[in-house]
Amino acid sequence: MRDRYSIYVHIPFCRARCSYCAFSSCTDLNLQQRYFDKLFEEIEYYSDKTKPIYTVYLGGGTPSAVGIKYLDALFCKLRTCFDLSGTEEITAECNPESASNAVLACFRRNGVDRLSFGLQSVNDVTLKAIGRLHNYHDFLCAMERARSFDFDNINADLIIGLPESHSDFIHSVLTVAKLPVTHMSLYALELYKASPLYAKLNGKAPFSDDEQADMYDEAVQILSCHNFARYEISNFAKAGKQCLHNLFYWQEGRYFAFGAAASGFVNNTRFNNPWSISDYLSTPVEHLHDGRCEEIDHDEEANEFVMLGLRLESGVSLSEFVARFGVGFWDFFSSANDLRDKGFLVVDGDCVRIPDDKFYVVNSILSELWQNADE
Amino acid sequence: MSQQSIRNFCIIAHIDHGKSTLADRLMEYTGQVAKRDLEAQMLDSMDIERERGITIKLTPVRMHYTMDGVEYTLNLIDTPGHVDFNYEVSRSLAACEGALLVVDASQGVEAQTLANCYLALENNLEIIPVINKIDLPSADIEGAKKEIEDAIGLDASEAPLVSAKEGINIKDVLDAVIKLVPPPKGEEKEPLKALIFDCQYDNYKGVIIFARIMDGAVRVGTQIKMFQTPGKTFDVTEVGIFAPAMQPVDCLRAGDVGYICASIKTVSDTKVGDTVTDAKRPCAQPLHGYKEVKPMVFCGIFPADGSKYNDLKEALEKLKLNDASLTYEPDTSVALGFGFRCGFLGLLHMEIIQERLEREFDLDLVTTAPSVVYKVFTTQGEVLLIDNPTKLPSPTLIEHMEEPIVKAEIFSPPEYVGDVMGLCQDKRGTFLDMTYLDTRRVKLTYDLPLNEIIYNFFDTLKSRTRGYASMDYELTGFTPGKLVRMDMLLNGEVCDALSIIVNEERAYARGRQMAEKLKDAIPRQMFEIPIQAAIGNKIIARETVKALRKDVLAKCYGGDITRKKKLLEKQKEGKKRMRQVGSVSVPSEAFMSILKIDD
């Protein structure tokens, strides 16, 4: 695990900004040339052929929205600078309207084997309201195109808590579960103050936390009936189709990260690149991580290992914990026994995990676990 | 200087009627203080007093003024203006021969003014009405005069008409003081007899006694003693006058107002109202009227951050140096850890101390519900004084209990009389009397249990009368009551810091209100939390904080683990700031929320 590395590349360009988004993105496609020049400089700066790359993930933004020549050049640069010969998964995020035949062909020839679509809802009224450029039909067409390029590992993202009805959301889950997608992600809407949606809704989330929890519970049931197993709080997959890249995050894996706002974990140090594209472009490549680094010591790594591992359905392997940190899980976290007694942790063979009905309060359980870890 | 040329007086005024401004003008007019210094002096006084509109207590001031070719010494002694400090007021008054009654020409006579005015009359002071703020367009000089005559029975026809703010007719006030306030009548040859009307603590000089010399004289080297602290003698190291800064003099004589330092280390050795005399040649009798000031209201004060216990202790020690009426002793609570049980003269005193601890010492506090002292008669025949609900013996050991009763005088415009009576009825009051002071003012007199007044009574009174009513009260005694201890249970466990002693009939309503408040103040947690109010084993109210169902944050954008950790750290820090009651995390605000129960 520790000798494998993944790569995350952030492509911040979008054709339009979604109204709920407060993420680092940019609709000025004229910046592409400068951005990719900088990106390639950064990739070269960190080039390392000695570390075999396990997975690659192109996130955004909208990777499918940029020029094909940049995408071809990006993959070329990655292959020049890193060892991608044994890579097990390459994912690219796409939006339905921009996943053209040309883009899909480009992904295909560059080894992309997993597509992640930002669908968000199958309700066209909702999609329009949140500023998406596609409708549900566009998504179906994009699916057809993807399948024509032999993509058989496809994810669709849905958002819980959009300004639509409870049944609209359930309808989306049911509809997508019946499509030939292999993976689904369900994320709860975060209403950022800076987003246009926040102003539009006067700062009031369309659904309370309790209602969102109900929607989540129902979705979990539906997906389970359609053979989508939850493997992480927000992620559901058909057998063998879990996202290796995401799993790698939860397993405390190491990953390079390139591009504006990208977060990586290399040499026991977590780092973040400058948030805005302009800062990213203006910062010399050797200073990109300055002031945004955190060295992860032994204890902190144990904390993280559990924080991330408990998000997984499988939980944390007790034997792996001992092997990695030289101390038993129950000794390291003094409140763990108490949490188990109260039913907030369960032990399943070698693994400790969060019981099914407590998944949505994992943060409280973690903060309880951490409470005594440093005292 | 002959006593004939000394005048000792004070100023009685309602909040905002211009007492401090008038004092400033008098000092300015007599050339005691330059205008520039005045402001500095004002700024020195306590912010809290100023914000709350309590009369600012100034140090006494000595002024010189010449009338008809004779030079006079005028000593202005200030009085605190609030009911909590009634006793101190009476002692300040006892140090004077006259008082200026300042009445706002646009507002008329107010309740607190009246109460202090009656005190002054009891002390046989010559009262000079002064009508202030005559420059205001809304000034009703004749109305104010009539009120003074009707409500107090003083002749106001000769009252100086002034505007302290504009400096109009200040000379009239000074002339009236000299003409009307009688000179002191002490005997310098008699043994020393001096009244302590205030004291301060100074790090270098020790306790500084503010005294009015009634008989005899005191100088450096005089060995003094106090009547209330027998067996202790002190050698005087400095005597002086307030010019207005402290200025040492050789000797203070009968009729003088000044200060005495005698290397006294503890404020409790010098009690306001006590008599200072010469240890070698004592006077036969102390001045009459000394009362031991006893705290009437108690509460637990705990540091919000348990590690700040020692800071709180030091802060209380420092406050105690200048405030002998504050009492405290160590207290522990299962919920709140180590802290102090503190005693206060009244609610305002309590609030002032709490605010001073927070502002001047930068402490974050958690305070428990205020309590009064109960007399508990046990089946063993003992009488216990209990001011802390957690110290109440088991009901089986209690024969009966008594609670303190106050006589409250509430002044209100006639249109709110119904509301005021309703409130007093709700608070278990017994109606005694109702008097129309004039067409705009009614005085209602009630016996009220003190433990009803300490919860929000003032606020409710003010809100029901649109701020017009005011009140005054004095403790009259104890009366048997059906009193019980009510506990609050969180997830089945008693939270000691939330227990209160309450009248049995009122317990149900109070229990329900407290449970509701706590429900709103306690955040949802991983499990359902029942909140119950109980008397003994009997549950009388219940609310539930539902279990938390969602706290997971959305997408982990591009593997940004650091952000997730920060959110968790924040959650963890938030929890650390909360108190653990069994398995329940209770924020400090929850303890405070029950103090604000609306009726």
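Owing to the predicted nature of the structure, the values given are computational and were not obtained by experimental measurement.

A. Here's a closer look at the overall build of chain A. From N to C terminus, chain A includes 15 helices and 16 strands. Relative to the 2.2 N^0.38 estimate, which gives 21 Å for 375 residues, the radius of gyration of chain A is 21 Å and therefore close to what a compact globule would have. The C-alpha extent of chain A, read off along each of the three principal axes, is 55 × 50 × 40 Å. Buried positions account for 59% of the 375 residues belonging to chain A. For chain A, the share of sequence-separated contacts (at least 6 apart) that also reach a separation of at least 24 residues comes to 70%. For chain A, the accessible area works out to roughly 14300 Å², and carbon and sulfur atoms hold 49% of it. Charge centroids of chain A, computed over 34 positive and 53 negative side chains, lie 7 Å from each other.

B. Spatial organisation of the overall build of chain B. When helices and strands are counted, chain B shows 15 helices and 32 strands. In terms of overall dimensions, chain B is globule-like: its C-alpha atoms have a radius of gyration of 27 Å, near the 25 Å expected for 599 residues. Along the first, second and third principal axes, the C-alpha set of chain B runs to 85 × 70 × 55 Å. The burial tally for chain B puts 57% of its 599 residues in the buried class. Considering only contacts in chain B between residues 6 or more positions apart, those separated by 24 or more positions represent 69%. Split by element, the accessible area of chain B, about 25400 Å² in all, is 48% carbon and sulfur. Charge-centre separation for chain B: the mean point of 74 positive side chains lies 6 Å from the mean point of 89 negative side chains.

C. Summary view of the sheet that holds strand S3 (residues 70–77) of chain B. Residues and elements named next belong to chain B. Across the sheet, which stays open at both edges, the five strands sit in the order S2-S3-S1-S4-S5 with mixed pairing between neighbours. On the outer flanks of this sheet lie strand S2 (61–67) and strand S5 (126–132), each paired with one strand and no other. Neighbour to neighbour, the strand axes of the sheet diverge by 30° on average, direction disregarded. Across five bridges, the pairing between strand S1 (residues 6–13) and S3 is parallel. Counterpart to Ile6 in the pairing with S3 is Thr73. Sheet strands touched by helix H1 (residues 19–29): S1, S2, S3 and strand S4 (98–104). Its angle to S1, the strand with the most contacts, is close to 150°.

D. Expanded view of the domain arrangement of chain A. Residues and elements named next belong to chain A. Taken as a whole, chain A is organised into domain 1 (5–249) and domain 2 (298–371). On a C-alpha basis, the centres of domain 1 and domain 2 stand 29 Å from each other. Summing the contributions of domain 1 and of domain 2, the shared interface buries around 890 Å²; its carbon and sulfur component is 59%. Linking domain 1 to domain 2 there are three salt bridges. For the pair domain 1 and domain 2, the number of links is four residue pairs in polar contact (both at pLDDT 80 or more). Listed by contribution, the elements that provide at least two residues to the side of domain 1 that touches domain 2 are helix H8 (209–225), strand S8 (229–232) and helix H9 (244–250). Looking at the side of domain 1 that touches domain 2 residue by residue, the class counts come to eight nonpolar, one polar and two charged.

E. Here's a closer look at unusual backbone geometry. Between Gly60 of chain A and Gly61 of chain A the backbone carries a cis peptide bond, its omega angle lying at 15°. Its place among the elements puts Gly61 of chain A in the loop between strand S2 (48–60) and helix H2 (68–81). Backbone geometry at Ala261 of chain A places phi at a positive 65°, although glycine is not the residue there. In this fold, Ala261 of chain A is placed in the loop between strand S10 (254–258) and strand S11 (263–266). Of note in this structure, Asp362 of chain B is not a glycine but carries a positive phi near 55°. Of the residues examined, Asp362 of chain B reaches a relative accessible area of 68% and is grouped as exposed.

F. Layout of the pattern of salt bridges. Residue and element names in this part refer to chain A. One pass over the full model with this rule turns up 46 salt bridges over all chains. The residue Glu232 makes a salt bridge to Arg311 at a minimum N-O spacing of 2.8 Å. Within this pair, whereas Glu232 is found in strand S8, its partner Arg311 is found in the loop between helix H11 (298–309) and strand S14 (316–317), the two being separated by 79 residues in sequence. With relative accessibility at 5%, the residue Arg311 sits in the buried group. For Asp357, the salt bridge identified is with Lys358, shortest N-O distance 3.2 Å. The buried category is assigned to Lys358, whose relative accessible area is 19%.

G. Seen up close, the side chain of Glu232 of chain A. Residue and element names in this part refer to chain A. Its relative accessible area of 1% is what places Glu232 among the buried residues. Only 2.9 Å separates the side chain of Glu232 from the side chain of Asn235, close enough to count as a polar contact. Non-local contacts of Glu232, meaning those with residues more than four positions away in its chain, are made with Trp250, Arg311, Leu312 and Glu313.

H. Representation of a nonpolar patch on the surface in the model. All names here are of chain B. Residues Phe431, Met434 and Tyr436 make up a contiguous nonpolar surface patch of roughly 300 Å² in combined accessible area. Mapped onto the elements of the fold, Met434 is located in strand S23 (residues 430–438). Residue classification places Met434 among the partly exposed residues on the basis of a relative accessible area of 33%.

I. Representation of the packing of aromatic side chains within the structure. Residues and elements named next belong to chain A. Enumeration over the complete set of coordinates arrives at 34 aromatic pairs over all chains. Pairing Tyr5 with Phe256 gives two aromatic rings, centres 5.4 Å apart and planes at 35°, and the pair type is tilted. Residue Tyr5 is located in strand S1 (residues 5–11), and its partner Phe256 is located in strand S10; the two are separated by 251 residues in the primary sequence. For the pair Tyr5 and Phe256, a shared accessibility class is recorded, and that class is buried. Measuring from ring centre to ring centre gives 5.3 Å for Tyr35 and Tyr280, while their planes differ by 45°; the resulting arrangement is tilted.

Definitions and cut-offs
Residues numbered from 1 in each chain as written. Chains lettered and ligands numbered in written order. Predicted model: local features only at pLDDT ≥ 70, side-chain atom pairs only at ≥ 80, totals over all residues. Heavy atoms only, no water. Helix = DSSP H or I, 4+ residues; strand = E, 2+ residues; numbered from the N terminus. Rg over C-alpha atoms; globule rule 2.2 N^0.38 Å. Buried < 20%, exposed > 50% of the residue type's maximum accessible area, 1.4 Å probe, protein only. Contact = heavy atoms within 4.5 Å. Areas by Shrake-Rupley, 256 points an atom, 1.4 Å probe, with all protein chains shown as cover. Lys, Arg positive; Asp, Glu negative; His and termini not counted. Charge placed at Lys NZ, Arg CZ, Asp CG, Glu CD. Pairing = 2+ DSSP bridges. Axes fitted to C-alpha atoms, helices over the stretch in contact; angles between N-to-C directions. Domains from an automatic or database assignment. Buried area = accessible area lost by both parts, 1.4 Å probe. Salt bridge = Lys/Arg side-chain N within 4 Å of Asp/Glu carboxyl O. Polar contact = N/O pair within 3.5 Å; in protein donor to acceptor, adjacent residues only side chain to side chain. Nonpolar A, V, L, I, M, F, W, Y, C, P; charged D, E, K, R; others polar. Patch = residues over 30% accessible without salt bridge, like charges linked within 9 Å, V, L, I, M, F, W, Y side chains within 5 Å. Phe/Tyr/Trp six-rings, centres within 6.5 Å; stacked < 30°, edge-to-face > 60°.

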